[in-house]
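# Overview (structure and organization)
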Amino acid sequence: MVDVTENEMDNCTFKSDTVLSDVHLYCPNKRHLMVRLNAVGQPVFLSYFKILWNTEDLPSEKHVREAVTEREHQYRRGDELCDQDGNNLKNERELNSEGVEALLDDDGDLDVVRRPRRASDLEAEDLLRDKVYPVILMKGKDDAFEDEEQECACSDVVKIEHTMATPLEDVGKQVWRAAFLLADYILYKRDMFRCCSVLELGGGTGITSIIMGTVAKRVYCTDVGEDLLAMCEQNVALNKHLMEPGRGEVKVKELDWLKDEFCTDPEAPYSWSEEEIADLHEHCTVIMAADVFYDDDLTDALFRMLYRITHNLRHSCTVYLALEKRLNFTLRHMDVTCEAYSHFRNTLNDLENLQDRKIKYTVEPLKLDFCQFLVYERIEQL
């Protein structure tokens, strides 16, 4: 939650249907306040996402759950808790009289007492906070952050315009963790995707398609809604510096799962040409979607669209689906459930068991033991 004064915004309200992404709450930047709105009055942010290529920072084939600073990195030596320099932390416990020695309180709950913070700890935190942060965009196309633009116009920084809170129907304008997870997998297996033709369903801000565009030959990034697609197209333009010369074409197109056909109206923005549809059917070997399974009707529509598209492809195709299981307490079950995920799994099973002479679907889960190249919290629900 951000404190906003009266001079900055007359009315700051969150309605009951507001969906707030917590991606940027992990490493927020505290320097800028909002001054720009998009066409429908939503605040627009620009975030820089640094790709961590350094193999020393990312041990090969080791699952890195989150960025680790020196103050967070501790390990055990024998039965003793030590810091990364091998210093015994037991003495620090004994010096603290707040009950650190007993890890449980009187009620049996875990009692966590933080160690005193050193100046070096604060410096390490500042370095971490600079890796991912939302920058508020100014009015107009020429944003007044030229120094930051120059700093981040390099081959290992992805720039994404997005919102941070929207109604449910506009959640595609936010950046979600499953998009980072799929992007990590693409970067980890980039040789496998090299020179592929790819279709993304529900591309949203376009971050996953942009990452795929750094290795693939052509990516069709699709979603629905002119305002969202315009934001996605802007993000593709912002990241032209990541694309290899003569490769990495990302095309932003409309694809409505609730309709049976591609939009081919030449007067409609982001419509398909007959040549593009033919190219998709002729060459596409990879389809991907990230964090699009939150509504049962849309899940059903997506699988119907998958069935129609894969039936028209000339070559066999691999579909990569990434999502976050969101747990909620429901009065109907009087328990914590994840109904959207359960419906997704049931629909996926129906697809795999589909009796079709022309095509067969097989489902295989992927282990999340690949490297993390982007700074975000890789939680267990991904």
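So, a few notes on the structure that sits alongside this text. Please read these numbers as outputs of a predicted model, since none were measured by experiment.

Basis of the calculations
Per chain, residues are indexed from 1 in the order of the written sequence. Whole-chain, interface and lining totals are the exception, using all residues; otherwise, since this is a predicted model, local features are given only for residues with pLDDT of at least 70 and side-chain atom pairs are given and counted only at 80 or more. In computing side-chain properties, one takes all heavy atoms of the structure into account and sets aside hydrogens as well as water. Helix numbering and strand numbering both begin at the N terminus, where a helix is a DSSP run of H or I of at least 4 residues and a strand a DSSP run of E of at least 2. Think of it in three bands: with a 1.4 Å probe and only protein chains considered, a residue is buried below 20% of the maximum accessible area for its type, exposed above 50%, and partly exposed in between. Polar contact criterion, stated in full: a pair of N or O atoms within 3.5 Å, where within protein one must be able to donate a hydrogen and the other to accept it, and residues adjacent in sequence count only if both atoms are side-chain atoms. Here the expected span of a helix is defined as 1.5 Å times the quantity of residues minus one. Contact definition: two residues touch when any of their heavy atoms are within 4.5 Å. Any two strands with at least two DSSP-identified bridges between them are counted as paired. All axes are obtained by fitting lines to C-alpha atoms, using only the stretch in contact for helices, and the reported angles, taken between N-to-C directions, cover 0 to 180 degrees. By nonpolar core is meant a set of buried Ala, Val, Leu, Ile, Met, Phe, Trp, Tyr and Cys residues that side-chain atoms within 4.5 Å join together. Throughout, a disulfide means two cysteine sulfur atoms within 2.5 Å of one another. Just so you know how the angles are binned, under 35 degrees is roughly parallel, over 145 roughly antiparallel, 65 to 115 roughly perpendicular, and the rest oblique. Two helices that cross are described as forming a left-handed crossing if the nearer one is turned anticlockwise from the farther one by less than a right angle, and a right-handed crossing if clockwise. Amino acid classes used here: Ala, Val, Leu, Ile, Met, Phe, Trp, Tyr, Cys and Pro are nonpolar; Asp, Glu, Lys and Arg are charged; the rest, including Gly, are polar.

### Topic: the environment of Lys-50
By secondary structure assignment, the location of Lys-50 is in strand S2 (residues 45-50). We classify Lys-50 as partly exposed; its relative accessible area is 30%. Considering only alpha carbons, one finds Lys-50 and Cys-154, 104 residues apart in sequence, at a separation of 9.5 Å. Only 2.7 Å separates the side chain of Lys-50 from the side chain of Asp-156, close enough to count as a polar contact.

### Concerning helix H4 (residues 177-188)
Between its first and last C-alpha atoms H4 spans 17 Å; for 12 residues at 1.5 Å apiece the expected length is 16 Å, and the two agree. For H4, the tally of buried residues reaches 11 of 12 residues, placing the bulk of the element in the interior. Here the buried face of H4 lies against S2, helix H5 (190-193), helix H6 (207-213), strand S11 (284-290) and strand S12 (318-322).

### Things to note about the sheet that holds strand S10 (residues 249-254)
Strand order in the open sheet formed by five strands is S10-S9-S8-S11-S12, with parallel pairing between adjacent strands. This sheet does not close on itself; its edge strands, each paired only once, are S10 and S12. Neighbouring strand axes in the sheet, compared pairwise and without regard to direction, differ in orientation by 20 degrees on average. In terms of strand pairing, strand S8 (residues 197-200) meets strand S9 (residues 218-223) through four bridges, oriented parallel. Bridge pairing in S9 places Ser-197 opposite Arg-218. Along the sheet, helix H7 (residues 226-238) makes contact with S9 and S10, crossing S10 at roughly 175 degrees.

### Regarding the nonpolar core
Membership of the largest hydrophobic core comes to 45 residues, with the highest contact counts inside it found for Val-158, Ile-186, Phe-193, Val-198, Ile-207 and Met-212. Residue assignment for this core shows that the elements contributing at least two residues are strand S6 (157-162), H4, H6, S9, H7, S10, S11 and S12. The dominant element in this core, judged by the number of residues it contributes, is H4, at nine residues. Ignoring any residue separated from it by four or fewer positions in sequence, one finds Ile-207 in contact with Phe-49, Val-158, Ile-160, Val-175, Ala-179 and Phe-180. Ranked by size, the runner-up nonpolar core spans 26 residues in total, among them Leu-280, Cys-284, Leu-313 and Leu-351.

### Section: the state of the cysteines
Following the criterion strictly, the structure yields zero disulfides and no others. Cys-195 takes part in no disulfide bond, and the closest cysteine sulfur, belonging to Cys-196, lies 7.7 Å away.

### What about unusual backbone geometry?
One non-glycine residue, Tyr-270, adopts positive backbone phi at about 65 degrees. With respect to the secondary-structure elements, Tyr-270 resides in the loop between S10 and helix H8 (274-283). One non-glycine residue, Asp-291, adopts positive backbone phi at about 55 degrees. Secondary-structure assignment places Asp-291 in the loop between S11 and helix H9 (296-312).

### Structural notes on the packing of H9 against helix H10 (residues 339-352)
Between H9 and H10, whose axes approach to 10 Å, the crossing angle comes to 25 degrees. With respect to H10, the axis of H9 lies roughly parallel. Between H9 and H10 lies a crossing of right-handed hand. Touching Asp-296, Thr-299, Asp-300 and Phe-303 of H9 are Glu-339, Ala-340, His-343, Phe-344, Thr-347, Leu-348 and Leu-351, all from H10. The class makeup of the residues in the contact of H9 with H10 is five nonpolar, three polar and three charged.

### Things to note about the side chain of Thr-299
Mapped onto the secondary structure, Thr-299 falls in helix H9. We classify Thr-299 as buried; its relative accessible area is 0%. Those residues in contact with Thr-299 that sit more than four places away from it in its chain are Phe-293, His-343, Phe-344 and Thr-347.

### Points about H9
Given 3.6 residues to a turn, an α-helix orients residues that are three or four positions apart in the same direction. Over its 17 residues, H9 runs 25 Å from end to end, which matches the ideal 24 Å to within 8%, given 1.5 Å per residue. Listing the buried residues of H9 in full gives Thr-299, Ala-301, Leu-302, Phe-303, Met-305, Leu-306, Ile-309 and Thr-310. If you follow the buried residues of H9, they end up packed against S8, S11, S12 and H10. Between the side-chain oxygen of the N-cap and the backbone nitrogen of Asp-297 there are 3.1 Å, and the N-cap of H9 in question is Asp-295.

Any link to function would need more than the numbers given here.
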